Amino acid sequence: MPELPEVETVRRTLAPHLVGRTVTAVEVYDAGILRHPTSPAPFAGALVGRRVRALGRRGKYLRMALSDGGEWIVHLRMSGRLLWHRERERRERFLRLRAMLDDGSLLDYIDMRRLGGMYLVDADGVGVPAGLGRLGPDAVDPAFTPAHLAGVVRGRRATIKGILLDQRAVAGLGNIYVDEALHAARLHPTRTGESLRPAEVRRLHAAIVAVVREGIRAQGVSFALYRDGEGRPGEMGERLRVYGRAGLACYACGGTIARARVAGRGTAYCPRCQPEPRRQTGRARC
Ligand SMILES: [Zn+2]
């Protein structure tokens, strides 16, 4: 669920509380979220005594750089949440791990569906999640250019929706921001990569950057379980134009937002603003 803007919001709200702090104790309530090491004792043992040097993000991964090298990486996936607070008695339902910090504050990892997880990467890079090494450029990174997007879609018969959900093409997008970007670019989600004309690729690139930046400014979308690092909801949900709005009127044209299944995901789009391709105009192949 959390996509780039949500994870970036968590990073920004947590950074002032975590950077410079040392972990003094770790309590693991559910070892199922430990990806590396996978047992509580080695995980806690490796984390206690380390200081958080910096808080970064890559795609949907949150990366805490630790003293003595190495990183503490958290992948929130569907329902993971990080919550910083100072109330020892407070225990959220589905609390999976608690880290105590040297100023008496706490960092809780809460995850209802426990699909998310965390990794302790040593100074030599052992333990890095496999998906992290395969990420394309971040949607807000200068390396994500119209030329990069053109290269990603070139010759592809997959749907543009499926291409954009693949983190190897561009990192950080999920179902919400892909639907929003395709609507803003006036492209039907089932258009194939190879059918996109250069002007459409440029339009799509600009739309992706715009919706992701707007999402960050609005502190993310708070459907379901996402909250920022201090437990506050974001405001992006009120600004969505297609996602979650099937059956409602399109803000751009007044038509009705439709829902379909594309690339295996529920997909919202406006049939008028995003006309269905009659015949995909991909170049003939030899
Ligand atoms: Zn419309």
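Novice: Whenever I open this one, the coordination of the zinc ion confuses me. Can you help?
Specialist: For a metal bound by four donors in tetrahedral geometry, the ideal donor-metal-donor angle is 109.5 degrees, whereas six donors in octahedral geometry ideally sit at 90 or 180 degrees. In the first shell of the zinc ion, the protein supplies Cys250 (SG), Cys253 (SG), Cys270 (SG) and Cys273 (SG), at 2.2 to 2.4 Å from the metal. Coordination at the zinc ion is tetrahedral: its 4 donor atoms span angles of 98 to 114° at the metal. Considered as a linear motif, the donors of the zinc ion on their single chain read C-x2-C-x16-C-x2-C. Here cysteine 253, found in the loop between α7 (198–217) and β10 (258–262), pairs with cysteine 270, found in the segment after β11 (265–269); they are 17 residues apart in sequence, far enough to count as distant. Here cysteine 253 falls in the partly exposed class, since its relative accessible area comes to 30%.

Novice: What should I look at first to understand the sheet that holds strand β2 (residues 34–36) in this one?
Specialist: In a beta sheet, neighbouring strands pair by backbone hydrogen bonds and run either parallel or antiparallel. Taking strand neighbours across the sheet as the criterion, the 5 strands line up as β2-β9-β5-β4-β3 in an open arrangement whose pairing is mixed. Because the sheet does not close on itself, it has two edges, and the strands there are β2 and β3 (52–58). Between one strand axis and the next, the sheet turns by 20° as a mean value, whatever way the strands run. Along the sheet, helix α1 (residues 4–18) contacts β3 and β4 (61–66); its crossing angle with β3, the most-contacted strand, is approximately 170°. Its contacts with the sheet place helix α2 (residues 40–47) against β2, β4, β5 (71–75) and β9 (117–121), and it is angled at close to 55° to β9.

Novice: Explanation requested: the domain arrangement of the protein in the structure shown.
Specialist: Interface size is often expressed as the accessible area that is lost when the parts come together. Its domain assignment divides the protein into domain 1 (4–133) and domain 2 (146–269). Summarising the inter-unit geometry, the C-alpha centres of domain 1 and domain 2 are found 28 Å apart. Contacts between the two partners involve 19 residues from domain 1 and, on the opposite side, 20 residues from domain 2. Surface buried jointly by domain 1 and domain 2 totals about 1600 Å² across both partners, of which 66% is contributed by carbon and sulfur atoms. In terms of surface lost to domain 2, no three residues of domain 1 exceed Pro5, Glu6 and Thr9, which account for 32% of the buried area on that side.

Novice: Quick question: what am I supposed to make of the pairing of β3 here?
Specialist: Along any regular strand, the residues point their side chains to alternate faces of the sheet. Examined bridge by bridge, β3 and β4 share 6 bridges and lie antiparallel to one another. For alanine 54, the partnering residue across the bridge sits in β4 and is alanine 65. Where β3 folds back on β4, the antiparallel hairpin that results is connected by 2 residues, among which glycine 59 adopts a positive phi of roughly 55°.

Novice: Is there a simple way to explain the layout of surface pockets in this structure?
Specialist: Where empty space is left in the structure can be found by rolling a water-sized probe over the atoms. The space that makes up the largest pocket amounts to roughly 590 Å³. Its residues assigned to classes, the lining of the largest pocket comprises 11 nonpolar, 5 polar and 7 charged. Formed jointly, the lining of the largest pocket draws a minimum of three residues from each of two domains, domain 1 (4–133) and domain 2 (146–269).

Cut-offs and rules
Residues numbered from 1 in each chain as written. Predicted model: local features only at pLDDT ≥ 70, side-chain atom pairs only at ≥ 80, totals over all residues. Heavy atoms only, no water. Donors = N, O, S within 2.8 Å, 3.2 Å for Na, K, Ca; no water. Tetrahedral: all angles 85-135°; square planar, octahedral: opposite > 155°, others 65-115°. Helix = DSSP H or I, 4+ residues; strand = E, 2+ residues; numbered from the N terminus. Buried < 20%, exposed > 50% of the residue type's maximum accessible area, 1.4 Å probe, protein only. Pairing = 2+ DSSP bridges. Axes fitted to C-alpha atoms, helices over the stretch in contact; angles between N-to-C directions. Contact = heavy atoms within 4.5 Å. Domains from an automatic or database assignment. Buried area = accessible area lost by both parts, 1.4 Å probe. 1 Å grid on protein atoms, 1.4 Å probe; cavity = no way out; pocket = protein on both sides within 12 Å on 5 of 7 lines; lining within 4 Å. Points joined across faces, edges and corners; volume = space filled by probe spheres on them. Nonpolar A, V, L, I, M, F, W, Y, C, P; charged D, E, K, R; others polar.

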